[in-house]
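Report on the structure
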Amino acid sequence: MEKILEVSGLSKIFGKGCAHCIESTGPGFDTNICPHCGSVVAAHDLSFDLHRGEILGIMGESGSGKSTAVKNLYFDQLPSGGTARFFDPDFKDDTAHGRAQWDVFGLNAAERRWLRNHRFGMVYQNPTLGLNFGISAGGNIAERLLMSGLANYGGIRERAIELLRRTEVLTERMDEKPGSFSGGMQQRVQIAKALATQPPLLFLDEVTTGLDLSVQAAILDLILEIQRELHTAMIVVTHDLGVVRLLTSRVLVMKYGRVIESGLTDQILEDPQHPYTQRLVASAL
Amino acid sequence: MLQPILNVEDFSKTFYNHAQGTVIPSSHNVHLKVWPGRLTALVGPTGAGKSSVLKGIYRTYLPSSGRILFRTAAGGEVDLASAAEHVVLDLRREEIGFVTQFLYCLPRRGARDVVAEPLLERGVPLEEARHKAEALLDALNVPERLWSVPPATFSGGEKQRVNLARGLIARPRLLLLDEPTASLDPLTTDRVMGLLDGLKRDGIAMLAIFHHPELVDRIADDTVTLTPPGGSA
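In this text, all values refer to a predicted model and were calculated from it rather than measured experimentally. (Residues numbered from 1 in each chain as written. Chains lettered and ligands numbered in written order. Predicted model: local features only at pLDDT ≥ 70, side-chain atom pairs only at ≥ 80, totals over all residues.)

1. With respect to the sheet that holds strand S8 (residues 96-99) of chain B
All names here are of chain B. Where we set the bar: Only strands that DSSP links by at least two bridges are regarded as paired with each other. Counting from the N terminus, the helices are the DSSP runs of H or I reaching at least four residues and the strands are the DSSP runs of E reaching at least two. Note on definitions: angles span 0 to 180 degrees between N-to-C directions of axes, and those axes are lines fitted to C-alpha atoms, for helices only across the stretch in contact. A residue pair is marked as a contact if its C-beta atoms, positioned from the backbone, fall within 7 Å.
In spatial order, the strands read S8-S9-S10-S5-S11; together these five strands make up an open sheet with parallel pairing. For this open sheet the edge positions go to S8 and strand S11 (222-225), each flanked by a neighbour on one side alone. This sheet shows a mean twist of 15° between the axes of neighbouring strands, independent of strand direction. Here strand S5 (residues 39-43) pairs with strand S10 (residues 205-209) via three bridges, running parallel. Counterpart to Thr40 in the pairing with S10 is Leu207. Sheet strands touched by helix H5 (residues 156-169): S8 and strand S9 (174-178). Its angle to S8, the strand with the most contacts, is close to 175°.

Written out as structure tokens, the structure reads:
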């Protein structure tokens, strides 16, 4: 399988930072807050790759820095250091935009917008981040289609209906605003919106957290179906070991901004090597 | 001269539990070979590390030492103990199958689709995959009324049959089996033995652990005896 993403040395520090931030934070110090300058080391030296159609998990407790990677890759935050290369599987020579390979952290605002609108998708834990609550469910999808360049009204409406049906949102409710939907339904609309442009790379940040178990199961099922049908590569951020086991083939374990262990998902869950992962797995199963 | 598909050299597995500060030895100094069209049975008392050998080969466990040389369909040799994660994942999808003792599957998916999954991962069309899944469920005596029901509510024996069907459906070149008949009745056990015989005739290599010694006598072509760490069998 071919590589779609390669992240190397990704770091994110909140605050001004100082010369001692890295050497005095991390799992060995039981904190990610620098005692010298008070900066927060959200992530340090994160490196991983992702193949086409693969689902990679990033797991850890809150504050471990697990969301930082996807937030930086989706341009919700700007990294303090590191590089990321995106190898576009949909690149064609004849288009004006686009290129075969992108230096994700070295782009200007217009280039970032193009990647967000055409190649990346994001589903947040909190639907208010991913959806516009002032317009209808169908309007949310139309908005994304418009940004990606589809301008024909009939075509947009048809595509929105198809996407909502695909994600099992009742299409007769497509003209209602998401605020009137249940949490699970809002999450489905968010997934439909993220998928509208058929992005080859999708980020999922705690998307089933806080949902009822039966709704969780349905969302996980939907995610796997999408992966199989569209061959979408995904990074799934979660603290839930069950989600990791069911969705991912490989996983990174994070604590205090560092990857402390990574491997095949079944290996990490059945034969964890790091003391922290051993404790995490022992307390969950 | 037939070449082994799998050659395990001096495999050992030891667990370190950091919280308790304990070292738990499992398999040690295991040597074995598995051949196309033959079934090798792992025998030995509980605690000898039989399952650890299978999990080590599949890389669910990280081997502590030794080499696990697998001959690929392309003719190359891969040391599964140290191969890159993506190499192991590709081999799991295409060439190496594992029927474990437990079934993990999506909560909402029916038994037929759970069984069909390995074929779908290889890109087989849905209808064809489902058709094959139904044939296997039937061969393993799973009643038709259960095919669309998620296995979460099944009995132990029913779950095991679904798990077996899922493991057998993709016809991997190397099949690892961990007590595949432990909770099956004699009739279904007979059917499983028949299926395994068929796989042998088709050239599939198998490494298996059986709960009952008489099954080893019945189906194994080779046996490898493991001893518990620090003692003799």
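Okay, back to it.
2. Topic: the interface of chain B and chain A
Keep this limit in mind: Under the scheme applied here, ten amino acids are nonpolar (Ala, Val, Leu, Ile, Met, Phe, Trp, Tyr, Cys and Pro), four are charged (Asp, Glu, Lys and Arg), and all others, including Gly, are polar.
Counting from both sides, the interface comprises 17 residues of chain B and, opposite them, 22 residues of chain A. Its residues assigned to classes, the side of chain B that touches chain A shows nine nonpolar, four polar and four charged.

3. Structural notes on the sheet that holds strand S4 (residues 30-34) of chain B
Residues and elements named next belong to chain B. The strand order across the open sheet formed by four strands is S4-S1-S6-S7, and the pairing between neighbours is antiparallel. With one partner strand each, in any of the chains shown, S4 and strand S7 (77-79) form the two edges of the open sheet. The sheet shows a mean angle of 15° between the axes of neighbouring strands, taken without regard to direction. For strand S6 (residues 65-71) and S7, the ladder comprises three bridges, and the chain directions are antiparallel. Residue pairing for S7: Phe70 is matched across the bridge by Val78.

4. Comments concerning the nonpolar core
Spelled out, the test is: One nonpolar core equals one set of buried Ala, Val, Leu, Ile, Met, Phe, Trp, Tyr and Cys residues connected by C-beta atoms within 7 Å. With C-beta atoms placed from the backbone, a residue counts as buried when 20 or more other C-beta atoms lie within 10 Å of its own, as exposed when 12 or fewer do, and as partly exposed for counts between those limits.
Of all hydrophobic cores here, the largest spans 132 residues; its most connected members are Ile235 of chain A together with Val115 and Ala165 of chain B. Considering every element that reaches this core, the biggest residue donor is helix H6 (residues 183-195) of chain A, with six residues. In contact with Ile235 of chain A, not counting residues within four places along its chain, are Leu50, Leu56, Ile58, Ala69, Val70 and Phe203 of chain A.

5. Topic: the pairing of S6 of chain B
Bridge analysis of strand S1 (residues 6-12) of chain B against S6 of chain B gives five bridges, and the strand direction is antiparallel. Pairing of Asn7 of chain B across the sheet is with Leu69 of chain B, part of S6 of chain B.

6. As for the pairing of S4 of chain B
All names here are of chain B. Here S4 shows one buried face, formed by Val30, Leu32 and Val34, and one open face, formed by His31 and Lys33. As judged from the four bridges shared by S1 and S4, these two strands associate in the antiparallel manner. For Phe11, the partnering residue across the bridge sits in S4 and is Val30.

7. Focus on the environment of Thr100 of chain B
Residues and elements named next belong to chain B. When you line up the elements, Thr100 lands in the loop between S8 and helix H3 (111-121). Under the C-beta neighbour-count criterion, Thr100 is labelled buried, with 20 such atoms within 10 Å. As a C-alpha pair, Thr100 and Leu164 span 64 residues in sequence and 8.4 Å in three-dimensional space.

8. Observations regarding the confidence of the model for chain B
Our working definition: The score called pLDDT rates the predictor's confidence residue by residue, from a low of 0 to a high of 100.
Of the residues in chain B, 98% have a pLDDT of 70 or more, and the chain-wide mean is 92. Across the predicted assembly, pTM comes out at 0.92 and ipTM at 0.91.

9. Structural notes on the packing of helix H4 (residues 137-147) of chain A against helix H5 (residues 153-166) of chain A
Residues and elements named next belong to chain A. Convention followed: Handedness of a crossing follows from how the near helix is turned relative to the far one, being left-handed for an anticlockwise turn of less than a right angle and right-handed for a clockwise one.
Their axes nearest at 9 Å, the elements H4 and H5 cross at an angle of 120°. When the axes of H4 and H5 are compared, the crossing they make is right-handed. On H5, the residues that touch Ala137, Gly138, Ile141, Ala142 and Leu145 of H4 are Ile156, Arg157, Arg159, Ala160, Leu163 and Leu164. Here the contact of H4 with H5 is composed, by residue class, of eight nonpolar, one polar and two charged.

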